[in-house]
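Overview (structure and organization)
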2 protein chains.
Amino acid sequence: MSFDLDRTDRRILNLLQQDSRISNQALAEKVGLSPPACLRRVRRLREEVIMAEVALINPRLVGRYINVIVEVEMVRDQLDIYDAFKRKMDTIPEVTQCYQVTGEVDFMLILMVEDMESYERFTRQYLSTDANLSKFRTLISLRRDKFSTAIPL
Amino acid sequence: MSFDLDRTDRRILNLLQQDSRISNQALAEKVGLSPPACLRRVRRLREEVIMAEVALINPRLVGRYINVIVEVEMVRDQLDIYDAFKRKMDTIPEVTQCYQVTGEVDFMLILMVEDMESYERFTRQYLSTDANLSKFRTLISLRRDKFSTAIPL
DNA sequence: TAAAATTTGCAATATTATTTCGTTTTAACC
DNA sequence: GGTTAAAACGAAATAATATTGCAAATTTTA
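These figures come from a predicted structure and were not determined experimentally.

Here's the deal with the overall build of chain A
Helices and strands together make up the secondary structure of chain A, namely five helices and five strands. Listed by position from the N terminus, the elements making up chain A come as α-α-α-β-β-α-β-β-α-β. Against the globule reference of 15 Å for 153 residues, chain A gives a C-alpha radius of gyration of 20 Å, more extended than a compact globule. Across its three principal directions, the C-alpha atoms of chain A cover 60 × 40 × 20 Å. The buried share of chain A, taken over its 153 residues, is 48%.

So this is what it looks like as structure tokens:
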């Protein structure tokens, strides 16, 4: 399941998690390899552990000021009910994260919206009308103080 | 504050949010521009709205199975207490996200850890010993069903 | 310790990004 | 509506970078 990464692999991954636009030459130099040797490792890592390379944009600069955190509780702990809910969340662009959790709560959602009206629409369309949903609690955040996609290795 | 993006800018951003490794030529073709014209836009967007371009790695494949969601409540609603807490969270690699929220709860944290022992260590070192912290609630998730960094434009 | 497999670096090649510059389009103003 | 300034554009040349082939070195396995 878990791949065995040596020290060099981990250094490469750490660097690419900070800046994937680094040139292969610069990367090779930083980890002490020749460009071809480095490239081969990067290619292998891209196949094995790197899911995607993406641009992160500043939400505030494109009008997504509001982070909404929603705790969702379903009526029954039933697999097909969970799966249906996940699948639905997966299709909604405002829902950026969805975690299935253990305990009283069943799901944790994180949404990014322009205004509260957008969130209202979301609750009406997807939460208040879901017969399998028992209750939900909403937390509003205007400050995303930390957002790191990097997993330190 | 907010930059005005035309249709082409938005299409470029949407594509780069999905795959920033796309070649400038392919990108140019997709949005119907010449490579130089496209590159100029990308460069401007990188200065204005793109915060970073990063590799996303699969947490399960590097041993970070457990997502921990923590709701934190401080003893007093005081600015310097908040700021100190934020600054502390910022230094901890396991804390991948930190939101300041309104309502009963003051902060929402999302951590990624290898095992519960790591989380135990974290609580002892940073939560249980913080005199400004009144209480916290922990939710455990073994399933990150959705994790999207893209903001649809 | 020897054989097999993997990883490496060098040099040649292929892609791709980037610059230059003249042209076209858009925007602002009279 | 016509005129000018500014901004954005595309074609072609150039520069930078990634990529491949292959022999040598290293590591792993038996």
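Focus: the protein's contact with DNA strand D
Around DNA strand D sit Ser23(A), Asn24(A), Gln25(A), Pro36(A), Leu39(A), Arg43(A), Leu33(B), Ser34(B), Pro36(B), Ala37(B), Arg40(B) and Arg41(B), and those are all the residues in its vicinity. Within the side chain of Ser34(B), a nitrogen or oxygen atom sits 2.6 Å from a phosphate oxygen of DNA strand D. The contact in question runs from a phosphate oxygen of DNA strand D to an N or O atom on the side chain of Arg41(B), over 3.1 Å. Elements with a contribution of two residues or more to the surface near DNA strand D: helix H2 (24–31) and helix H3 (35–48) of chain A together with helix H3 (35–48) of chain B. No other element matches H3(B), which puts four residues into the surface near DNA strand D. Looking at the surface near DNA strand D residue by residue, the classes come out as five nonpolar, four polar and three charged.

Some points on the protein's contact with DNA strand C
The environment of DNA strand C is formed by Leu33(A), Ser34(A), Pro36(A), Ala37(A), Arg40(A), Arg41(A), Ser23(B), Asn24(B), Gln25(B), Pro36(B), Leu39(B) and Arg43(B). When atoms of DNA strand C within 4 Å of the protein are split into backbone and base, the sugar-phosphate part holds 61%. Separating a phosphate oxygen of DNA strand C from a side-chain N or O atom of Ser34(A) is a distance of 2.7 Å. Taking Gln25(B), its main chain carries an N or O atom lying 3.3 Å from a phosphate oxygen of DNA strand C. For the surface near DNA strand C, the secondary structure elements donating two or more residues are H3 of chain A together with helix H2 (24–31) and H3 of chain B. If you tally residues by element for the surface near DNA strand C, the top one is H3(A), at four residues.

Regarding the domain arrangement of chain A
Taken domain by domain, chain A holds domain 1 (7–48) and domain 2 (59–141). Taken over C-alpha atoms, the centre of domain 1 of chain A sits 37 Å from the centre of domain 2 of chain A.

Describing helix H4 (residues 79–90) of chain B
Structurally, the α-helix is built with 3.6 residues per turn, so residues lying three or four positions apart point the same way. All names here are of chain B. An ideal rise of 1.5 Å per residue puts 16 Å on twelve residues; H4 measures up with 16 Å between its terminal C-alpha atoms. Of the positions making up H4, those classed as buried are Ile81, Tyr82, Phe85, Lys86 and Met89. In a view along the axis of H4, the buried residues occupy a sector of 130 degrees, so they form one face of it. Of the exposed residues in H4, those oriented more than 90 degrees away from the buried face are Leu79 and Arg87.

Topic: helix H5 (residues 116–127) of chain B
All names here are of chain B. The complete set of buried residues in H5 reads Ser118, Tyr119, Phe122, Thr123 and Leu127. Seen along its axis, H5 keeps its buried residues to an arc of 140 degrees; they face one direction. When the buried face of H5 is taken as reference, the exposed residues oriented beyond 90 degrees from it are Glu117, Arg124 and Gln125.

Quick notes on the sheet that holds strand E3 (residues 95–102) of chain B
Think of a sheet as strands paired side by side through backbone hydrogen bonds, with each pair either parallel or antiparallel. Pairing within the closed barrel is antiparallel, and its eight strands lie in the order E2(A)-E4(A)-E3(A)-E5(B)-E2(B)-E4(B)-E3(B)-E5(A). In this sheet, neighbouring strand axes are inclined to one another by 35 degrees on average, regardless of whether the strands run parallel or antiparallel. Bridge analysis of strand E2 (residues 66–74) of chain A against strand E5 (residues 133–147) of chain A gives eight bridges, and the strand direction is antiparallel. Across the sheet, residue Met74(A) finds its bridge partner in E5(A), namely Leu133(A). This element, H4(B), spans E5 of chain A together with strand E2 (66–74), E3, strand E4 (107–113) and strand E5 (133–147) of chain B of the sheet and lies at about 15 degrees to E4(B). Contacts from H5(B) reach E2, E3, E4 and E5 of chain B, with the element oriented near 150 degrees to E5(B).

About the thresholds
Residues numbered from 1 in each chain as written. Chains lettered and ligands numbered in written order. Predicted model: local features only at pLDDT ≥ 70, side-chain atom pairs only at ≥ 80, totals over all residues. Heavy atoms only, no water. Helix = DSSP H or I, 4+ residues; strand = E, 2+ residues; numbered from the N terminus. Rg over C-alpha atoms; globule rule 2.2 N^0.38 Å. Buried < 20%, exposed > 50% of the residue type's maximum accessible area, 1.4 Å probe, protein only. Near = heavy atom within 4 Å. Polar contact = N/O pair within 3.5 Å; in protein donor to acceptor, adjacent residues only side chain to side chain. Nonpolar A, V, L, I, M, F, W, Y, C, P; charged D, E, K, R; others polar. Domains from an automatic or database assignment. Expected span 1.5 Å × (residues − 1). Arc of directions from axis to C-beta. Pairing = 2+ DSSP bridges. Axes fitted to C-alpha atoms, helices over the stretch in contact; angles between N-to-C directions. Contact = heavy atoms within 4.5 Å.

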